Amino acid sequence: MPKPIPCPVIGVLSEMFPDHPYVEYLDGSTEPWTVNVICALVRALAPKLVLETGTFQARTTRRLQAAMGDDATLISLESYTEYWEKAVADCSDLDNVKILNVEAVQYLLNYEGPAFNFVFLDDDHGAEHVGMELDLLLRKEEPLMASHSIICVHDVNGIFGLKPVIEARGGFALNLPILHRSGGLGIIQCSP
Ligand SMILES: C[S@@+](CC[C@H](N)C(=O)[O-])C[C@H]1O[C@@H](n2cnc3c(N)ncnc32)[C@H](O)[C@@H]1O
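Below or above, wherever it landed, is the structure these notes cover. (Residues numbered from 1 in each chain as written. Predicted model: local features only at pLDDT ≥ 70, side-chain atom pairs only at ≥ 80, totals over all residues.)

**Side note on the environment of leucine 174**
Logical step 1: Checked against the element boundaries, leucine 174 lands in strand β6 (residues 172-174).
Logical step 2: When the C-alpha positions of leucine 174 and proline 18 are compared, they lie 28 Å apart, and in sequence the two are 156 residues distant.
Logical step 3: Excluding its chain neighbours within four sequence positions, the residues that come into contact with leucine 174 are Val37, Gly184, Leu185 and Ile187. (Helix = DSSP H or I, 4+ residues; strand = E, 2+ residues; numbered from the N terminus. Contact = placed C-beta atoms within 7 Å.)

**Notes on the sheet that holds strand β4 (residues 116-121)**
The strands that make up a sheet pair up through hydrogen bonds in the backbone, lying either parallel or antiparallel.
Logical step 1: Taken together, 7 strands build an open sheet; the order of strands is β3-β2-β1-β4-β5-β7-β6 and the sheet is mixed. Looking at the sheet topology across the chains shown, the edges are occupied by β3 (97-100) and β6. Strand-to-strand twist across the sheet, computed as the mean angle between neighbouring axes with direction ignored, equals 20°.
Logical step 2: Taken together, the 5 bridges between strand β1 (residues 49-53) and strand β2 (residues 73-77) define a ladder with parallel strand orientation. Across the sheet, the residue bridging to leucine 49 is threonine 73, located in β2.
Logical step 3: Across the sheet, helix α2 (residues 32-45) touches β1, β4, β5 (145-154), β6 and β7 (185-190), and the angle it forms with β5 is around 175°.
Logical step 4: Running over the sheet, helix α6 (residues 127-137) touches β1, β4 and β5 and is turned about 170° from β5. (Pairing = 2+ DSSP bridges. Axes fitted to C-alpha atoms, helices over the stretch in contact; angles between N-to-C directions.)

**What to know about the packing of α2 against helix α3 (residues 59-67)**
Logical step 1: Across the interface, α2 lies against α3 with an axial gap of 9 Å and an inter-helix angle of 30°. Considering their axes alone, α2 and α3 lie roughly parallel with respect to each other. Relative to α3, α2 is oriented so that their crossing is right-handed. Here Val35, Cys39, Val42 and Arg43 of α2 come into contact with α3, specifically with Thr60, Arg63, Leu64 and Ala67.
Logical step 2: Of the residues that constitute the contact of α2 with α3, the class distribution is 5 nonpolar, 1 polar and 2 charged. (Parallel < 35°, antiparallel > 145°, perpendicular 65-115°, else oblique. Left-handed = near helix turned anticlockwise from the far one by under 90°. Nonpolar A, V, L, I, M, F, W, Y, C, P; charged D, E, K, R; others polar.)

**Concerning the site of the ligand**
Logical step 1: Close to the ligand lie 23 residues; Ser29, Thr30, Gly54, Thr60 and Tyr80 are nearest.
Logical step 2: Listed by contribution, the elements that provide at least two residues to the shell around the ligand are β1 and α3.
Logical step 3: Split into classes, the residues belonging to the shell around the ligand amount to 8 nonpolar, 8 polar and 7 charged. (Near = placed C-beta within 6 Å.)

**Some words on the nonpolar core**
Inside soluble globular proteins, nonpolar side chains tend to come together where they are buried.
Logical step 1: Residues Val119, Ile151 and Val153 are the most contacted members of the largest nonpolar core, which totals 42 residues.
Logical step 2: With sequence-adjacent residues up to four places away left out, isoleucine 151 is seen in contact with Val119, Leu121, Leu134, Leu137, Met145, Ile188 and Cys190. (Core = buried A, V, L, I, M, F, W, Y, C linked by C-beta atoms within 7 Å. Buried ≥ 20, exposed ≤ 12 C-beta atoms within 10 Å, placed from the backbone.)

**Some remarks on α6**
Logical step 1: Among the residues of α6, Val130, Glu133, Leu134 and Leu137 are the ones counted as buried. For α6, the angular spread of the buried residues around the axis is 95°, confining them to a single face. Facing away from the buried side of α6 by more than 90 degrees, the exposed set consists of Glu128 and Asp135.
Logical step 2: In this fold, the buried residues of α6 make contact with β1, α5 (104-110), β4, β5 and α7 (163-167). (Arc of directions from axis to C-beta.)

See the structure below:
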C-alpha cells in the first residue's frame, strides 16, 4: 500500500507558533472545544462500539475512551505507520482501545463486525474520500451504523468543502472556532 501523505500542516504550525495557547493541538489534533462536543454526545449516547478514523497523536482517542463506558470498545484507524506505532505505545494502558494500522476506506469495505454506535471521521479530509466513508457507513444493505447512532465529521467548515457532503446525507454542520485551516463539526444522526 502506498504511504499516505499526512496533513501538510502536521509538524509545521507548532514549530512556527511555539507559544500559541493551543500549541499541542496545532499539528493536526482536533480542537479541545470540538472534542468537548464530541465527548458530550458520546456520554449522552453511551455507545458500545466507537470508531475513530485518523488516530494521529491519540489525543482525541484518549478523550473518547474516557467519555465512553468501561464496557465499550473504541477502534481507531491510522494508516501512517510512524503515528500508529507511537499511538499504540502511548495508549498501552487502555484495555478497551484497539488502534489499527489500516487505511480507513479499505477497513470499512472489509468490515464484518458489529454495527458502530458512534463514529468520528477525522482521517483524509478530501470530499471524495469522506463521501466514500459515509456511503459505506450509511449503506442500506447491511449498514455499518447501528440504529440511533451518530457520525461526527471534523473540519467541515473550512477549505475541504465537507459541509455539502454532510448535508447531502441528512446531516448538519456546527460552526465552531477554527484552529487549523478548517474546523467545525458535521453531525449525522442515523435513524433506525
Ligand atoms: C487530522 S489527523 C487526526 C487527528 C485525531 N483524530 C485527533 O483528533 O487528534 C489525521 C490522521 O489521519 C491519518 N490518515 C490520513 N489518511 C488516512 C486514511 N486514508 N486512513 C487512515 N488514516 C489516515 C493521518 O496519518 C493523520 O494521522
